[in-house]
Protein chains: 2
Amino acid sequence: MKIPKPTIKRLGLYYRCLNRFKDDGVNFVSSQDIAERLNIKPSQVRKDLSYFGEFGKRGLGYNVKKLLGEIADIIGINKEWNVAIIGAGNLGTALANYPGLPKHKFKVVAIFDNDREKVGKKIAGITVYHMSDLKELVEKMNIEMAVIAVPESAAQLVVEQIEETSIKGIVNFSPVKLRTSLPVEDVDITLSFETLSYMIINRMLGNEINE
Amino acid sequence: MKIPKPTIKRLGLYYRCLNRFKDDGVNFVSSQDIAERLNIKPSQVRKDLSYFGEFGKRGLGYNVKKLLGEIADIIGINKEWNVAIIGAGNLGTALANYPGLPKHKFKVVAIFDNDREKVGKKIAGITVYHMSDLKELVEKMNIEMAVIAVPESAAQLVVEQIEETSIKGIVNFSPVKLRTSLPVEDVDITLSFETLSYMIINRMLGNEINE
């Protein structure tokens, strides 16, 4: 089965949206309800969910709790992931402090850095370890994801160290295209600025943009 | 004309990719060349570019320099954007230091914070100003974009202050859905972790994922 990546991203948005419905005490929602909150088309919601089977019932809509469970299964957030941040600079520190990660089952359990000055300190309650301890601690702490928050010049070297461990995937904040056989999700912040730039100029031109 | 948002994001990726071709001295590329570098389908590249007119020539492909210019026009990066970062914490500091922004024509010209201790200091060479000076400095410095890098609890208040200025759009790093009539691009870092989570479990299951 080939699933488009934008669909995966939207599943994450549906998950957030359904959680809000659940908090509001809503038991059933339509694709229209979800679409309205997210400012997208109901047909998009139905199409995205249809990749994974028949969830809704005609006339009744989707059972909120059941759909939450199904999406959690699909995305893989029915379990907690142990995450290591590589790089204890400003970005690593910002990520360690980011409340969204533990809230969505991504638990930062360790931070790694090459700077001996930083090793042993705590950031947001999480200990900074030296890179040379990566392999050992990945095993011990059952770390499955690594976040690359090091300068551009160090990114590929870090990947090679990650590959010697049992880490299963990488979230990459460096602007480098990493060479690795592991799954990588590149976070390119500049793309968000470009999307905004596009939205601003097209709003001035009176063009519409779809989500 | 309704353009899907994923298309806009991919235009940014095409732009990066074409720049690399240009640096390699390549004058003409096919949709296949672009698609291969980005690990997507050539038909996707052609479809995305077709929203904006006929760029390529059959048999010859796309003129790299010309297409770069066209995409820059479409996304609005044929000009430099002056950007203000709101919030001089770890995230604001990381963003001020991020080399990708000036490289892509997003120039951080000022940082704003409510903390008088931080006001007057410099981060990555950029001065931190007090929030009360926002309106005046936005005019003086011709700031068009604001980045929200403040804690969740302060985000909506900051938006209201931004709305009193001539700022035209917001890149929002807070996990709050902002209430504003301005264009907003939400950067949800957790979604990247969820995409990775999906990639990891589906690799284990042997499923394929499209870009």
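Values in this document were obtained by computation on a predicted structure and should not be read as measured data.

*Asks:* Looking at this structure, I do not really get the packing of helix α1 (residues 5-23) of chain A against helix α9 (residues 189-205) of chain B. What am I missing?
*Replies:* Two elements in contact, α1 of chain A and α9 of chain B, have axes whose closest approach is 9 Å; the angle formed by their N-to-C orientations is 120°. Relative to α9 of chain B, the element α1 of chain A lies oblique. Read as a crossing pair, α1 of chain A and α9 of chain B show a hand that is right-handed. Facing Lys 5, Ile 8, Lys 9, Gly 12, Leu 13 and Arg 16 of chain A of α1 of chain A, the residues of α9 of chain B in contact are Thr 190, Leu 191, Ser 192, Glu 194, Thr 195, Tyr 198 and Met 199 of chain B.

*Asks:* How do you make sense of the packing of aromatic side chains when you look at a structure like this?
*Replies:* The way to describe two aromatic rings as a pair is by their centre distance and the angle between their planes. Applying the stated rule across the entire model yields four aromatic pairs over all chains. On the numbers, 5.5 Å between centres and 50° between planes, the contact of Phe 106 of chain A with Phe 193 of chain B is tilted. Of the two residues, Phe 106 of chain A sits in strand β5 (residues 106-113) while Phe 193 of chain B sits in helix α9, which places them in two different chains. Just as Phe 106 of chain A is buried, Phe 193 of chain B falls in that class too.

*Asks:* Got a minute to help me understand the side chain of Ser 174 of chain A in this structure?
*Replies:* All names here are of chain A. Tracing the sequence through the fold places Ser 174 in the loop between β9 (169-172) and β10 (184-186). In this structure Ser 174 comes out as buried when scored by relative accessible area, which is 5%. A polar side-chain atom of Ser 174 sits 2.8 Å from a polar atom in the side chain of Asn 172. Leaving out residues up to four positions away in the same chain, Ser 174 has contacts with Ile 148, Val 150 and Ala 155.

*Asks:* Can you walk me through the pairing of strand β5 (residues 106-113) of chain B in this structure?
*Replies:* Both faces of the sheet carry side chains from a regular strand, because those side chains alternate between them. All names here are of chain B. The buried count for β5 comes to seven of eight residues, which makes it a mostly enclosed element. The sheet contact formed by strand β4 (residues 81-86) and β5 spans six bridges and is parallel. By the bridge assignment, Asn 82 is partnered in β5 with Lys 107. As paired elements, β5 and strand β7 (residues 126-130) share three bridges and run parallel to each other. Across the sheet, residue Asp 113 finds its bridge partner in β7, namely His 130.

*Asks:* In this structure, what is going on with helix α8 (residues 152-163) of chain A? I would like to understand it.
*Replies:* Every α-helix carries 3.6 residues per turn, so stepping three or four residues along brings you back to the same face. Residues and elements named next belong to chain A. For α8, spanning twelve residues, the distance from its first C-alpha to its last is 18 Å, which sits close to the expected 16 Å at 1.5 Å a residue. Residues Ala 155, Gln 156, Val 158, Val 159 and Ile 162 constitute the buried set of α8. End-on view of α8: buried residues confined to an arc of 160°, all on one side of the axis. Opposite the buried face of α8, by more than 90 degrees, sit the exposed residues Ser 153 and Leu 157. Structurally, α8 contributes buried residues whose contacts are with β4 (81-86), α7 (134-141), β8 (145-148) and β9.

*Asks:* Looking at this structure, how should I read the relation of the copies chain B and chain A?
*Replies:* Note that the two copies of the chain are related through a rotation about an axis and a translation along the same axis. Superposing chain B onto chain A requires a rotation of 180° together with a translation of 0.0 Å along the rotation axis, leaving an RMSD of 0.0 Å. Taken together, the rotation angle and the small translation identify this as a two-fold axis. In terms of C-alpha distance to the rotation axis, chain B has Asn 90 of chain B as its closest residue, with the C-alpha 2.5 Å off the axis. Of the residues that chain B buries at the interface, 100% are likewise interface residues in chain A, meaning the two copies contact each other through the same surface.

*Asks:* Explain the UniProt feature "binding site: NAD(+)" (unreviewed entry) in chain A here, please?
*Replies:* All names here are of chain A. When the UniProt feature table is mapped onto this chain, "binding site: NAD(+)" (unreviewed entry) is found at Gly 87, Ala 88, Gly 89, Asn 90, Leu 91 and Gly 92. Here Gly 89 is to be found in the loop between β4 and α5 (90-96). Taking the relative accessible area as the measure of exposure, Gly 89 reaches 27% and is therefore partly exposed. Not counting the four nearest positions on each side in its chain, Gly 89 is found in contact with Asp 113 and Lys 118.

*Asks:* Explain the sheet that holds β4 of chain A here, please?
*Replies:* The strands making up a sheet associate through backbone hydrogen bonding, with each pair oriented either parallel or antiparallel. All names here are of chain A. Strand order in the open sheet made by the seven strands is β6-β7-β5-β4-β8-β9-β10, with mixed pairing throughout. Pairing within the sheet leaves two strands with one partner each, and these edge strands are β6 (122-123) and β10. Sheet topology places β9 next to β10; three bridges connect them, and they run parallel. Counted as the bridge partner of Ile 170 is Val 184 from β10.

*Asks:* Even after reading the chapter, I still don't get the pattern of salt bridges, so can you show me in this structure?
*Replies:* As a working rule, side chains carrying opposite charge can pair if their charged atoms are close by. This model, assessed by the stated rule, comprises 18 salt bridges over all chains. Its salt-bridge partner being Glu 136 of chain A, residue Lys 140 of chain A comes within 3.3 Å of it at the nearest N-O pair. With a gap of four residues between them, Lys 140 of chain A and Glu 136 of chain A both fall in helix α7, about one helical turn apart. A salt bridge links Glu 185 of chain B to Lys 9 of chain B; the shortest N-O distance between them is 2.6 Å. Here the residue Glu 185 of chain B occupies a position in strand β10 (residues 184-186), and Lys 9 of chain B occupies one in helix α1 (residues 5-23), the gap between them amounting to 176 residues. We classify Lys 9 of chain B as partly exposed; its relative accessible area is 25%. When salt bridges with common partners are traced through the structure, they connect Arg 16 of chain A together with Asp 188 and Glu 194 of chain B into a single cluster.

Cut-off values and rules
- Residues numbered from 1 in each chain as written.
- Chains lettered and ligands numbered in written order.
- Predicted model: local features only at pLDDT ≥ 70, side-chain atom pairs only at ≥ 80, totals over all residues.
- Heavy atoms only, no water.
- Axes fitted to C-alpha atoms, helices over the stretch in contact; angles between N-to-C directions.
- Helix = DSSP H or I, 4+ residues; strand = E, 2+ residues; numbered from the N terminus.
- Parallel < 35°, antiparallel > 145°, perpendicular 65-115°, else oblique.
- Left-handed = near helix turned anticlockwise from the far one by under 90°.
- Contact = heavy atoms within 4.5 Å.
- Phe/Tyr/Trp six-rings, centres within 6.5 Å; stacked < 30°, edge-to-face > 60°.
- Buried < 20%, exposed > 50% of the residue type's maximum accessible area, 1.4 Å probe, protein only.
- Polar contact = N/O pair within 3.5 Å; in protein donor to acceptor, adjacent residues only side chain to side chain.
- Pairing = 2+ DSSP bridges.
- Expected span 1.5 Å × (residues − 1).
- Arc of directions from axis to C-beta.
- Least-squares fit on C-alpha atoms with pLDDT ≥ 70 in both.
- UniProt positions renumbered as here; feature names shortened; annotations may be inferred.
- Salt bridge = Lys/Arg side-chain N within 4 Å of Asp/Glu carboxyl O.

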